[in-house]
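Below are the chains, spelled out letter by letter.
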Amino acid sequence: MTDFARTKALFAIPDGVVYLDGNSLGPPLRGVAARLSRVVEEEWGGDLIRAWNTRGWMAMPAASGDRIARLIGAPAGSVTMGDTLSIKVFQALAAALAMRPDRRVILSDTGNFPTDLYMAQGLIGLKDAGYRLVTVAPENVEAALDDTVAAMMLTEVDYRTGRLHDMARLTRAAHRAGAVAIWDLAHSAGALPVGIAEHDAEFAVGCTYKYLNGGPGAPAFIYVRPDLAAAARPALSGWIGHAAPFAFEPGYRPAPGVERMRVGTPPILALAALDAALDAFDGVDMADVRRRSIELSGAFVAAVARAAPGLELASPRDPAARGSQVSFRHPQAYAVMQALIERGVIGDVRAPDVLRFGFAPLYLDLDDAERGAAILGEILASGAWREPRFSVRAAVT
Ligand SMILES: *Cc1c(COP(=O)(O)O)cnc(C)c1O
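Note that this is a predicted model, so its numbers are computed, not measured.

Enquirer: Pulling in residues and values, what's your account of the overall build of the protein?
Expert: The number of helices and strands found in the protein is 13 helices and 13 strands. Its C-alpha atoms give the protein a radius of gyration of 22 Å, within 12% of the compact-globule value 21 Å for 397 residues. Dimensions of the protein along its principal axes, counting C-alpha atoms only, are 70 × 55 × 45 Å. Among the 397 residues that make up the protein, the fraction classed as buried is 54%. Long-range contacts, defined as pairs at least 24 residues apart, comprise 73% of the intrachain contacts of the protein with a sequence gap of at least 6. Surface exposure of the protein reaches about 16,200 Å², of which carbon and sulfur atoms provide 57%. In the protein, 40 positive and 44 negative side-chain charges are present, and the distance between their average locations comes to 2 Å.

So, in structure tokens, the structure goes:
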């Protein structure tokens, strides 16, 4: 049984703050600053360039990849790290299209995060070979799978509503149609159990700054099904994904396995912060995380229904049908959220009218859920959010 009081104590969250935005940027662990200063002063400062060998820096993407592999149900050696999620989406999609050269459709859904769709659009433009991005409503994905679809590219948990796709069913359906399945686990990794290998999906990608708490701009991950890794074609053929980077050969030869999805020099400081953050998952069973997440989000939904009866739930009411966040709709969502943040309850908004609250079991408990809901209720009942200063927009929401 996972000890969530122990994991909560690992996080440095300011006193008085209820942090319900770990679905966007997880908080730092207490140990991260010390780890970073050790890497800067001892490893980088002490060993200088020798540290690539003496401190195992070049193996860090594989080491963090293995730790993340456990959390998404993948075998060791099947995940590597680097770049941002947008880049990893591009790489997975490019490799998937190369596996189905006679098909021209990329199938996604209208709830997908825009950058995933933008990257597909960019790749289509670059290939200039008649590819089409088709987006359908999330509930219509299965019906849209046919023999024109090269790749089904979906995000398991909808970033706005928290709606959870049925990965097992949709991956099976994609394979029946002869399509390659790519899953974006941005809102899944560290939030719920993912059986990526069990479902036989070809590719998965995700970021590490949300539920994995790797820090702002932390490196992304990519999984390639092991039986495909030796044949997957890397579109971004950078030297660190070469079979022999330090042979400095003029021609590109991909590394044997998933390492071919590396591109350039690994971000060592960011990888060190991520590695320190992943300590929080040591001894944590993802099935316990899921149970606890449902308990917390369920308590929040029930408490909001009491404290703010008119507020419309934008997430599925059935906890089994959502990820680890709950969302509500309010026409003045932005101002409501600013008022809430001033009272110490931090969530975020997605235009035009969605209030989002993420429930990360590693550092939240039932008191947090109850307090967050109570303060939300007070702000709506008093109309405190109507103060004009709460409507002044910042660049990042
Ligand atoms: C958060 C998120 C991203 C962000 O991509 P970056 O390249 O890391 O900025 C992409 N896709 C999905 C589905 C996300 O939730």
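That covers the picture; the talk isn't over yet.
Enquirer: Describe the nonpolar core, and please don't skip the residues or the numbers.
Expert: By size, the foremost hydrophobic cluster in this structure holds 93 residues, and its most contacted members are Ile-72, Trp-183, Ile-196, Phe-300 and Phe-357. Tallying contributions element by element places helix 10 (residues 268-278) first for this core, with 8 residues. Excluding anything up to four places from it in sequence, Ile-196 contacts Ile-72, Gly-73, Ala-74, Met-167, Trp-183, Ala-201, Ala-204 and Tyr-223. Counting residues in hydrophobic clusters, the runner-up holds 32 residues, among them Val-180, Ala-186, Ala-220 and Val-258.

Enquirer: Give a description of the packing of helix 4 (residues 60-71) against helix 10 that names residues and reports values.
Expert: Orientation of helix 4 relative to helix 10, taken along the N-to-C sense of each, is 30 degrees, at an axis distance of 10 Å. Like other packed secondary-structure pairs, helix 4 and helix 10 cross with a definite hand, here left-handed. Facing Met-60, Pro-61, Ser-64, Arg-67, Ile-68 and Leu-71 of helix 4, the residues of helix 10 in contact are Ile-268, Leu-271, Ala-272, Leu-274, Asp-275 and Leu-278.

Enquirer: Give a detailed account of the sheet that holds strand 6 (residues 180-184), specifying residues and quantitative values.
Expert: Sheets are built from strands that pair by backbone hydrogen bonding, the pairs being arranged parallel or antiparallel. With mixed pairing, 7 strands are arranged side by side in an open sheet as 2-8-7-6-5-3-4. Each having just a single partner strand, strand 2 (79-81) and strand 4 (132-136) make up the two edges of the open sheet. Averaged over all pairs of adjacent strands, the angle between their axes in this sheet comes to 20 degrees, without regard to strand direction. Where strand 7 (residues 203-206) lies against strand 8 (residues 221-224), 4 bridges are found, and the strand directions are antiparallel. Across the sheet, Gly-206 pairs through a bridge with Phe-221, a residue of strand 8. Most of the contacts of helix 6 (residues 114-127) go to strand 4, to which it runs at about 155 degrees, and overall it touches strand 3 (105-109), strand 4, strand 5 (149-155) and strand 6.

Enquirer: Help me get a handle on the sheet that holds strand 10 (residues 325-329), residues and values and all.
Expert: With antiparallel pairing, the 4 strands of this open sheet are ordered in space as 9-10-13-12. A single partner strand is all that each edge strand has here, and the edge strands are strand 9 (312-313) and strand 12 (348-350). In this structure, strand 9 lies alongside strand 10, joined through 2 bridges in antiparallel fashion. Within strand 10, the position partnered with Glu-312 by the bridge is Arg-329. The strands touched by helix 12 (residues 333-342) within the sheet are strand 12 and strand 13 (354-358), with strand 13 carrying the most contacts at an inclination of about 40 degrees.

Enquirer: Residue-level account of the domain arrangement of the protein, with values.
Expert: Along its sequence, the protein is organised into domain 1 (4-29 + 285-391) and domain 2 (34-281). Taking the mean C-alpha position of each, domain 1 and domain 2 sit 28 Å from one another. At the interface, 34 residues of domain 1 touch 24 residues of domain 2. Interface area for domain 1 against domain 2, summed over the two sides, is near 2,100 Å², with a carbon-plus-sulfur share of 62%. Between domain 1 and domain 2 we count 0 salt bridges in total.

Enquirer: Quick rundown of the site of the ligand? Include the residues and the values.
Expert: In the vicinity of the ligand, the contacting residues are Thr-84, Leu-85, Ser-86, Phe-113, Thr-115, Asp-116, Thr-155, Asp-184, Ala-186, His-187, Tyr-209 and Lys-210. At a separation of 3.1 Å, an oxygen atom of the ligand approaches a polar side-chain atom of Thr-84. Between an oxygen atom of the ligand and a side-chain N or O atom of Tyr-209, the distance comes to 2.6 Å. Against a free-state accessible area of 390 Å², the protein chains account for coverage of 86% of the ligand. Only helix 5 (85-99) and helix 6 provide two or more residues apiece to the shell around the ligand. Broken down by class, the residue content of the shell around the ligand amounts to 4 nonpolar, 5 polar and 3 charged.

Parameters and conventions
Residues numbered from 1 in each chain as written. Predicted model: local features only at pLDDT ≥ 70, side-chain atom pairs only at ≥ 80, totals over all residues. Heavy atoms only, no water. Helix = DSSP H or I, 4+ residues; strand = E, 2+ residues; numbered from the N terminus. Rg over C-alpha atoms; globule rule 2.2 N^0.38 Å. Buried < 20%, exposed > 50% of the residue type's maximum accessible area, 1.4 Å probe, protein only. Contact = heavy atoms within 4.5 Å. Areas by Shrake-Rupley, 256 points an atom, 1.4 Å probe, with all protein chains shown as cover. Lys, Arg positive; Asp, Glu negative; His and termini not counted. Charge placed at Lys NZ, Arg CZ, Asp CG, Glu CD. Core = buried A, V, L, I, M, F, W, Y, C linked by side-chain atoms within 4.5 Å. Axes fitted to C-alpha atoms, helices over the stretch in contact; angles between N-to-C directions. Left-handed = near helix turned anticlockwise from the far one by under 90°. Pairing = 2+ DSSP bridges. Domains from an automatic or database assignment. Buried area = accessible area lost by both parts, 1.4 Å probe. Salt bridge = Lys/Arg side-chain N within 4 Å of Asp/Glu carboxyl O. Near = heavy atom within 4 Å. Polar contact = N/O pair within 3.5 Å; in protein donor to acceptor, adjacent residues only side chain to side chain. Nonpolar A, V, L, I, M, F, W, Y, C, P; charged D, E, K, R; others polar.

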